[in-house]
Each structure stands twice: as structure tokens, then as C-alpha cells.
Amino acid sequence: MYTQAMDTAARDGHASVSALAPTAREQRFEARIAAGEYVEPKDWMPDHYRRTLVRQISQHAHSEIVGMLPEGNWITRAPTLKRKAILLAKVQDEGGHGLYLYAAAETLGTSRDEMIEALHDGHAKYSSIFNYPTLTWADVGVIGWLVDGAAIMNQIPLCRCSYGPYARAMIRVCREESFHQRQGFDALYAMMTQGTRAQRDMVQDAVNRWWWPSLMMFGPPDGESTHSEQSMRWGIKRIGNDELRQKFIDAAVELAKVLGVDLPDPQLKWSPERGHHDHGPIDWDEFWRVVGGDGPCNRDRLAARVRAREEGAWVREAAMAHARKRAARDTAAQALAA
Ligand code: 3HC
């Protein structure tokens, strides 16, 4: 970019303001990022930075609302009233996270409708993890423990993301995610310590099915990550995919001991030299297949989202009509008072 500006000046024979302005703006932007300042919606930012944020934040928002589906499947079948109330609150929280995140992405100049359309026509990604089925009640607990646990590990650093609205949204999201993680662990702990043999087996089976997909949530290895390097330079991502995955594995091993479950990886072993756990190979072919639309539940998940949008159209129309009516009433009242 700097080179292009210099080339233009040389051809024109003078340094035009338009050729130099982006360079100065860009330098100012880079300096603010280097100083750890937040970038706010009205600040100048490079197009690529804006596009990267729209991509990541909208994918994140889609993950939250698609993420309501696997667990929503168990609301009517929760084993006790207490677990049902907790699960209802949790699934509602995920919907709320989606709303904060769509609102944060809208500050970058994209509309909610555009983002939803991109999800529904299959252009926009959402987290691979939500394309796996929830076969038993133990899956709900394991989603809390492992999936929300992985989400927190990945999202805490995003509270320091360089884009202000995203960073602020993440602070609230992370607080709620921490409750989600604990309720999942608590449900599993109850089954493992007070449950029957069949319930303990059910927990182990769920752990076996969710462990590897949870590790894939952190994204491809750094060497194959398209965006990591630039996103780290811009302070959008603070920690790379592999480092976060490793932190998650190290933490999960200890919690698995407390629960009394085995993690399904015979190569999982503490390495004193590295100060971390070594682990077996992750099946990246499976990851890319699921990301590409061919996971166990991709089609069902998208169909459910499209159906919800269509069936909810009357609610949106009614809310808009109500808002228009209230606004007209307020305007009339103000005119009377004046
Ligand atoms: N699922 C689907 N796609 C994934 C993915 C995953 N687990 N991990 C990476 N990808 C995609 C990327 O989107 C990118 O595709 P694109 O170029 O078409 O957008 C491609 O794979 C290459 O990956 P990169 O590492 O280059 O991508 P990023 O730099 O964006 O890193 C990320 C991926 C770590 C997931 C990052 O985007 C991120 O931190 N996002 C915010 C957090 C998020 O979205 N979490 C999703 C789970 S939310 C959740 O769990 C809710 C909880 O309440 C249940």
C-alpha cells in the first residue's frame, strides 16, 4: 500500500493529498493498535480490518444462535425442574449473545438481514461443533463442560480485542459462559458421583463423542490458519489457535480426573519438557468436511434456522407495527404539550 502511494506520486509529478492521506491514516491506525487503544465505530480503519471483523463477529453470532439448537433439543426432556430451568436460561443466554454480537457487527456497517441471509444461503460459517447431535442428557452436560469451556478459553482473550464494541460485548458473554460451563460440569458431577452405572457410562460415551470436535473448535493449526497472523497483528486475536487449544487440553485433563472420566486419547500424556500434555493427532479431514457442510447435522441446523426465520416473520412485523404506533402516539403527545 505504501509502495502504491509512492508510485502514484512519482507518475503525477507531485504528492497529491489523496495519495498520501491513506498512508498517514494507516500509520495513525497502526500506532493506535500498537499503543493498545480501542478502535471505535466512527474511527477510520482499513477495509481489510473491517472485513475481518465482520467475518469473525458475524460467524461468532451465527455460532451462538445455531448453538441454541443442540441443547434446545433437551429442554422438554430435562430430568428435573431445576435442570430444565437452568437449561432454559442457558439457551436464552446464547440467543442474547447472538444479539450482542450481531449488534457489534452492525456498527461496522453491515445489516442484520445481510448477515442472516449469508448464514441461510450457506455463505457464512458457524462453529463446526454445533453440527454434532445431542443423543443423550449427558451430551447437555458435556456441552457445558467441554464446548462452553473451549468457548471461554477462546473468548477471554477477545475481551481485549482491538475493536471496542466486540471487546465490550465479549466481557458480558464470558461472564455468562462461565455460568454455562459450571452448570455443565455440575450436571456431569452429579451423574458421576450419585448416578447409576448406566448414567456413568452415558457420561463417558458423551465425553468420547465430544472430545475431538471440542478440540477442533479452536480452528486449524496455526500453520494452516488463513487469518491468524494478520488478526494477531491487528490485536483482533491475542492468542493463536494452537496455544489456546493446548491450554484447554491441559485444563480439561485435570477436570476429567475430578469427574472420573477418561479422555478418549491414548496418546494424552504429560510432557515435563514442554510443561504441557502431548496429545494424539486431530482428524483435520473431519473438521474440514464438517466446516464444508457435510457434518452429521449441518443440513438440519440450517433448515431449523431458516424455518425459525420464516415462522417468526409475523412477530417481527407485529413488533415493528407496535413501535410505529408508539412513536406516532409519542409525537402526537409532544405536539399537544408544545
Ligand atoms: N468452525 C467453523 N469454521 C472454522 C472453525 C470452526 N471451529 N475454526 C476456523 N474456522 C474457519 C474460519 O472461519 C476460516 O474460514 P473463513 O476464511 O471462510 O472465514 C477458516 O476456518 C480458517 O481459520 P482461521 O484460523 O484462519 O480463522 P480465524 O482466524 O477466524 O480463527 C476462530 C477461527 C478461532 C474460531 C476465530 O474466528 C474466533 O476466535 N472467533 C470468535 C469465537 C467464535 O466464533 N466461537 C465459536 C463458538 S461460539 C460458542 O461456542 C458459543 C457457546 O456459547 C456455546
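Residues numbered from 1 in each chain as written. Predicted model: local features only at pLDDT ≥ 70, side-chain atom pairs only at ≥ 80, totals over all residues. Heavy atoms only, no water.

(A) Region of the structure containing the environment of A167. With respect to the helices, strands and loops of the structure, A167 is situated in helix α8 (residues 164–194). Residues A167 and P213, 46 residues apart in the sequence, show an inter-C-alpha distance of 26 Å. Filtering out sequence-adjacent residues up to four positions away, A167 remains in contact with Y38, L158, C159 and C161. (Helix = DSSP H or I, 4+ residues; strand = E, 2+ residues; numbered from the N terminus. Contact = heavy atoms within 4.5 Å.)

(B) Molecular detail of the nonpolar core. Counting 78 residues, the largest nonpolar core has Y49, W145 and Y163 as its most contacted members. Broken down by element, the residue count for this core peaks at 10 residues, all from helix α7 (residues 137–155). Beyond its immediate sequence surroundings of up to four residues, Y49 is in contact with F29, I33, V39, S162, Y163, W234 and I236. (Core = buried A, V, L, I, M, F, W, Y, C linked by side-chain atoms within 4.5 Å. Buried < 20%, exposed > 50% of the residue type's maximum accessible area, 1.4 Å probe, protein only.)

(C) Local environment of the site of the ligand. By nearness alone, 33 residues border the ligand, and E94, K125, E177, H227 and K237 come closest of all. Interatomic distance of 2.8 Å between a side-chain N/O atom of Q59 and an oxygen atom of the ligand. Here an oxygen atom of the ligand and a side-chain polar atom of H227 are 2.5 Å apart. In isolation the ligand has 1,000 Å² of accessible area, and contact with the protein removes 92% of it. Judged by its atoms lying within 2 Å of the grid points, the ligand is housed in the largest pocket. Of all the secondary-structure elements, those providing two or more residues to the shell around the ligand are α3 (47–66), α7, α8 and α12 (284–294). With six residues, α3 is the single largest residue contributor to the shell around the ligand. (Near = heavy atom within 4 Å. Polar contact = N/O pair within 3.5 Å; in protein donor to acceptor, adjacent residues only side chain to side chain. Areas by Shrake-Rupley, 256 points an atom, 1.4 Å probe, with all protein chains shown as cover. 1 Å grid on protein atoms, 1.4 Å probe; cavity = no way out; pocket = protein on both sides within 12 Å on 5 of 7 lines; lining within 4 Å. Sits in = over half its atoms within 2 Å of the grid points.)

(D) Structural context of the side chain of R301. Considering the arrangement of structural elements, one finds R301 in helix α13 (residues 298–311). Of the side chains with opposite charge, D300 lies nearest to the buried R301, which makes no salt bridge, at 5.9 Å. Discounting chain neighbours no more than four positions away, the residues touching R301 are V66, L69, P70, Y126, F130, N131, Y132 and P133. (Lys, Arg positive; Asp, Glu negative; His and termini not counted. Salt bridge = Lys/Arg side-chain N within 4 Å of Asp/Glu carboxyl O.)

(E) Representation of the packing of helix α5 (residues 81–106) against helix α6 (residues 112–120) within the structure. α6 packs onto α5 with a crossing angle of 115° between their chain directions and a minimal axis gap of 9 Å. The two elements α5 and α6 cross, and the hand of that crossing is right-handed. Note on element contacts: α6 touches α5 through R112, M115 and I116, opposite L99, Y102, A103, A105 and E106. (Axes fitted to C-alpha atoms, helices over the stretch in contact; angles between N-to-C directions. Left-handed = near helix turned anticlockwise from the far one by under 90°.)

(F) Highlighting empty space enclosed by the protein. Throughout the structure, instances matching the rule amount to one cavity of 30 Å³ or more. Empty space within the largest cavity amounts to approximately 40 Å³. Forming the boundary of the largest cavity are R83, I86, L87, W137, V140, G141, Q183 and A187. Sorting the residues of the lining of the largest cavity by element identifies α5, α7 and α8 as the ones contributing at least two each. When grouped by side-chain class, the residues that make up the lining of the largest cavity number five nonpolar, two polar and one charged. (Points joined across faces, edges and corners; volume = space filled by probe spheres on them. Nonpolar A, V, L, I, M, F, W, Y, C, P; charged D, E, K, R; others polar.)

(G) Representation of the layout of surface pockets. The computed volume of the largest pocket comes to approximately 990 Å³. Surrounding the largest pocket, 41 residues form its lining, Q59, S127, M217, F218 and G219 being those nearest its centre. For the lining of the largest pocket, the secondary structure elements donating two or more residues are α3, α5, α7, α8, α11 (241–259) and α12. Grouping the amino acids of the lining of the largest pocket by side-chain chemistry returns 17 nonpolar, 14 polar and 10 charged.

(H) Seen up close, the pattern of salt bridges. Under the criterion given, the structure shown has 18 salt bridges. We note a salt bridge from R209 to D205, for which the minimum N-O separation is 3.1 Å. Placement of both R209 and D205 in helix α9 (residues 197–216) is noted, with a separation of four residues, approximately one turn of the helix. Here D205 falls in the partly exposed class, since its relative accessible area comes to 34%. Across the pair E254 and K257 runs a salt bridge whose closest N-O atoms are separated by 3.3 Å. One end of the pair, E254, and the other, K257, are both in helix α11, three residues apart, so they sit about a helical turn from each other. Residue class for E254 comes out partly exposed when judged on its relative accessible area of 40%. Using a relative accessible area of 57% as the deciding quantity, one classes K257 as exposed. Each of E71, K90, E94 and D148 takes part in one network of salt bridges that share partners.

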